[in-house]
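Descriptive structure summary
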Amino acid sequence: MDAEPRCALELLVPDWNTCKLDHSIQEGSPQLTRVVTYTREIGDQASTFTANLDHGDDHILLPMRALDHRVLTLNKWCCDEAIRRSFLEGAQVFKLEKDTLPRDIAEEGFVVQTDETYPIRGRALRKCLPFDDDLSVVGNQKTPFGNLYLFKLLRHLVIHSPLALMEVSARNMVDPELDISEENLDALDMAIDLDRATPIWLSWSKMPQLKSVLLDLRIYSRDLNTDRGCIGKDEIIKRAQEMGRSLSLELLVIAGLQSYDFATSYEGYMAGDIEGLDEINGEPNWIKIFRPAIRPGGRIILVDRLADG
């Protein structure tokens, strides 16, 4: 059944409290969040570009559709149809979270098998969505009748990575009573770090039907990424190129590419500048990089935290 549409920023980065009822900025108050919006030209309408300290009075609304669990229990056909319509018509939010660790986590052989370990991507997420870097064989989930993969039905996809995951490490995931070597802990930490780049490794070529994509890449501009090298600039650019080859989106929202030390000033820039420059203030021009992934009239929105309040 239909539910109230929700703001993209509320779905993508709820722990930033970016979407508020009162968007007014009081004089002297810290200006913490910036929302950059680029709209691609279509027909006689020129492209537009704005950089604001919030999204203003106009929410970036996505359709929502709630599953009626009473319908799911009626019969297989009703269940299939309810799930199909939910994925076709409503935004689906997937969240990275701590998963169950493999049983051999403390064994010597684990060190050479970490490419089969996904500590914060998790089996549930991998069952629903396809990933280009997933080396293990995990069958993607199908509709109850088994006629179609669920990810083929997706139209509006949100990948949220909670800020609390920044604090996750091998040492606080493993049972403190477990006898485990430092080598194994380091291997698990590496697997966790690789998982932090999960949003960009989706198999875009398998989901060309997508209309909206919201990616939480806040790890990119955090000190943790500087220290651990979880996700690199070149890696994001290559995956953006893959998105450009496969997708034709109406909406692309990305959080965290220009936060904190990566904050970029857009003062004086016009839409034409944004479309032509490879770099802005020495940093990648992410709008130009991701532009091939949106259709004419489509929007790219970059939401970033300039400082913590």
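Everything numeric here is computed off the predicted structure, so don't read it as measured data. (Residues numbered from 1 in each chain as written. Predicted model: local features only at pLDDT ≥ 70, side-chain atom pairs only at ≥ 80, totals over all residues. Heavy atoms only, no water.)

Our focus in this paragraph is unusual backbone geometry. Among all residues save glycine, negative phi is the norm, and among peptide bonds the norm is trans. Unusually for a residue other than glycine, Y260 sits at a positive phi of about 55°. With relative accessibility at 19%, the residue Y260 sits in the buried group. Of note in this structure, N281 is not a glycine but carries a positive phi near 55°. Its location among the elements puts N281 in the loop between strand 9 (279-280) and strand 10 (283-284). (Buried < 20%, exposed > 50% of the residue type's maximum accessible area, 1.4 Å probe, protein only. Helix = DSSP H or I, 4+ residues; strand = E, 2+ residues; numbered from the N terminus.)

With that settled, the discussion passes to the side chain of E283. On the secondary structure map, E283 appears in strand 10. Here E283 occupies a buried position and makes no salt bridge, while the nearest side chain of opposite charge, K233, is found at 4.3 Å. With sequence-adjacent residues up to four places away left out, E283 is seen in contact with K233, F262, T264 and D278. (Lys, Arg positive; Asp, Glu negative; His and termini not counted. Salt bridge = Lys/Arg side-chain N within 4 Å of Asp/Glu carboxyl O. Contact = heavy atoms within 4.5 Å.)

By the criterion of burial, strand 7 (residues 212-216) is predominantly enclosed, with five of the five residues buried. Judged from the four bridges that link them, strand 6 (residues 156-160) and strand 7 form a sheet pairing that is parallel. Pairing of V158 across the sheet is with L214, part of strand 7. Pairing geometry for strand 7 and strand 8 (residues 249-255), over five bridges, is parallel. Its bridge partner lying in strand 8, L215 is registered against I254. (Pairing = 2+ DSSP bridges.)

Turning our eyes to something else, we now look at the sheet that holds strand 8. The strand order across the open sheet formed by seven strands is 3-2-11-8-7-6-5, and the pairing between neighbours is mixed. Strands with a single pairing partner mark the edges of an open sheet, and in this sheet they are strand 3 (48-52) and strand 5 (92-95). Here the average twist between neighbouring strands, direction ignored, is 10°. Here strand 5 runs beside strand 6; their pairing, made up of four bridges, is parallel. For V93, the partnering residue across the bridge sits in strand 6 and is V158. (Axes fitted to C-alpha atoms, helices over the stretch in contact; angles between N-to-C directions.)

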